Each structure stands twice: as structure tokens, then as C-alpha cells.
Amino acid sequence: MDKIGRYEFLAEPFHCDFSGRLFMGHLGNHLLNAADFHSTDRGFGMKYLLGIHRSWVLSRLAIEMTEMPTMYTRFNVETWVESAMRYFTSRNFAVLGDEGKVYGYGRSIWAMIDTETRQPTDIFSIDNGAINDWIVSDKSCPIDKGGRVKMGDGAELVRTIDTNYNDVDINGHINSVKYIEHVLDLWPIDWYREHALRRFEIAYVAEAHGGDRLSFYMEKEDASFFNVRIVRTDGTECCRSKVEFV
């Protein structure tokens, strides 16, 4: 089996925005599905892990697109493991069309947790460190890895929302992609008529659960870059995001 997985997806019309282009949230879902398909086929996927009280959780995600697939377009997501450490592994993505067309790339960092204690657990304890057999260190992913999103004390509270049934995933916490959708909802539709989303970064810090209220604080770097901090009911910061428009 190839170390690099390649999976076909369809930009379904009801997964596209008013412009007929795939929503970033749905693209994020496709990337996470590709990651699960790849890891499942190679013996360290969610189905196996949940049976031994383990699970993958997303720690960081960066997606950078030059173009979004339009409705009814079939496209492929390639994914591969770039590196693995005891508690974290990095996984990359390429979003590809026909005849060498490149839509964009993604970078992600994942942790493995014990589903009972909710604490990080040793990735190499799974099948005697079999993940090392699938590392691809020589394939390029030509986008910035990103880093910690720095925000000052002057960030403005721009929205507070409730979380509900549809926000909660199989791990029992707010779904990773739901944060992406909630962040991108901070700009009105008219903004998206004039601006395209080029890059989205998010770093997850702490879990939030159904019933928590999420408060969104925004800081504008310049006309194209925005930083967002999300805080749950008890004041704990859940994640930070950096958004770039063109």
C-alpha cells in the first residue's frame, strides 16, 4: 500500500456557497475524512482506536487555497504523514483537480488521547509504533506551517453564541470544523461578495462541550488579516484562528 493516500470527493451543490464554490467548512470535513480513510486503511484509524479507548483529536489546522472547487466538480485529496512524535503527529494534504491542477494545500497536527481520562497518550504504543512505517518526509507541502496566533488585550468581543446538538462530535466535544464555520460567520455575506478566503489557520487549546456559550474576540491586523480568539462559558480559551482574505 502506498504511503500517500488519494481520495476522490465531489463538490456537492448544497455544500457550496452563494458563489457556487465549496464552503471552507465542507472542505475541512473532506480533509478530515481523507485523514481517517488513510489512517484506517493502515491500521491506526478511529474505528480501531475507539475500541481501545483512544482517539485522534485535531490540534492545529492550516488550509491555504488559490481556488475553491466549484459545484459538481470532482477533486482529489492527497494526504500523508510527515512526521510523528510521542504525543503529536503532523499530516499534510494536497487538494488536486484534473491534469495537474492544484487548488491548495493543508497542514495539520494531531494528538492521540485516552477517551476515558481525556489526556494525551503515547502514539508509538499503538501496534509497536507502526505509524513510523507510513511517514513520508520527502514530499513537499509548500505552505507555511503557521504558528501561535498572537493577540493583544484590545481584541473586540464581536459575537457570543450557544452550542447545541449539531456542534458536538463523536469525541463528545465541539466539532473541529464547527469552530471554522462559526469563525467564518463573523463576516457578513456582502464581505464575501468582495473578498475570497485565501488561508485559514486554527489552533485548538481546550475542549468546549454542548451547552457551553462561545465568545468570539476579533483583532484586525490589516485589511486582509484577522485574528480571532474563542472563549467558552467559564472563561477558558478554546482556540485561536488567523484568517486571510484577498
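Please refer to the structure placed before this passage.
Residues numbered from 1 in each chain as written. Predicted model: local features only at pLDDT ≥ 70, side-chain atom pairs only at ≥ 80, totals over all residues. Heavy atoms only, no water.

Q: What is the right way to read the nonpolar core from this model?
A: A general feature of soluble globular proteins is that nonpolar side chains tend to end up buried together. If you look at the biggest cluster of nonpolar residues, it comprises 57 residues, and the most contacted ones within it are Met24, Leu27, Trp56, Phe75, Tyr179 and Trp187. If you tally residues by element for this core, the top one is helix 1 (residues 24-41), at six residues. Counting seven residues, the second-largest nonpolar core is a separate cluster that includes Trp80, Leu96, Tyr105 and Cys141. (Core = buried A, V, L, I, M, F, W, Y, C linked by side-chain atoms within 4.5 Å. Buried < 20%, exposed > 50% of the residue type's maximum accessible area, 1.4 Å probe, protein only. Helix = DSSP H or I, 4+ residues; strand = E, 2+ residues; numbered from the N terminus.)

Q: Can you help me understand the pattern of salt bridges in this one?
A: One side chain can pair with another of opposite charge once the charged atoms of both are near each other. Following the criterion strictly, the structure yields 19 salt bridges and no others. With its nearest N and O atoms 2.7 Å apart, the salt bridge here joins Glu64 to Arg199. Placement of Glu64 in strand 2 (residues 54-65) and of Arg199 in strand 7 (residues 197-204) is noted, with a sequence separation of 135 residues between them. By relative accessible area, which is 6% here, Arg199 ends up buried. Arg199 serves as the salt-bridge partner of Glu201, at 2.9 Å between the closest nitrogen and oxygen. Residue classification places Glu201 among the buried residues on the basis of a relative accessible area of 9%. Ionic contacts of the salt-bridge type, sharing partners, join the residues Glu64, Arg198, Arg199, Glu201 and Glu244 into one network. (Salt bridge = Lys/Arg side-chain N within 4 Å of Asp/Glu carboxyl O.)

Q: Explain the packing of helix 1 against helix 3 (residues 176-184) to me, please; I cannot follow it from the model alone.
A: The relative placement of two packed helices is expressed as an angle between their axes plus a distance between the axes. For the pair helix 1 and helix 3, interaxial distance at closest approach is 9 Å and the crossing angle is 165°. In this view, helix 1 runs roughly antiparallel relative to helix 3, as classed from their interaxial angle. At the point where helix 1 passes helix 3, the crossing takes the right-handed sense. Contact residues: helix 1 offers Met24, Gly25, Gly28, Asn29 and Leu32, while helix 3 offers Val177, Ile180, Glu181 and Leu184. Residues belonging to the contact of helix 1 with helix 3 are distributed by class as follows: five nonpolar, three polar and one charged. (Axes fitted to C-alpha atoms, helices over the stretch in contact; angles between N-to-C directions. Parallel < 35°, antiparallel > 145°, perpendicular 65-115°, else oblique. Left-handed = near helix turned anticlockwise from the far one by under 90°. Contact = heavy atoms within 4.5 Å. Nonpolar A, V, L, I, M, F, W, Y, C, P; charged D, E, K, R; others polar.)

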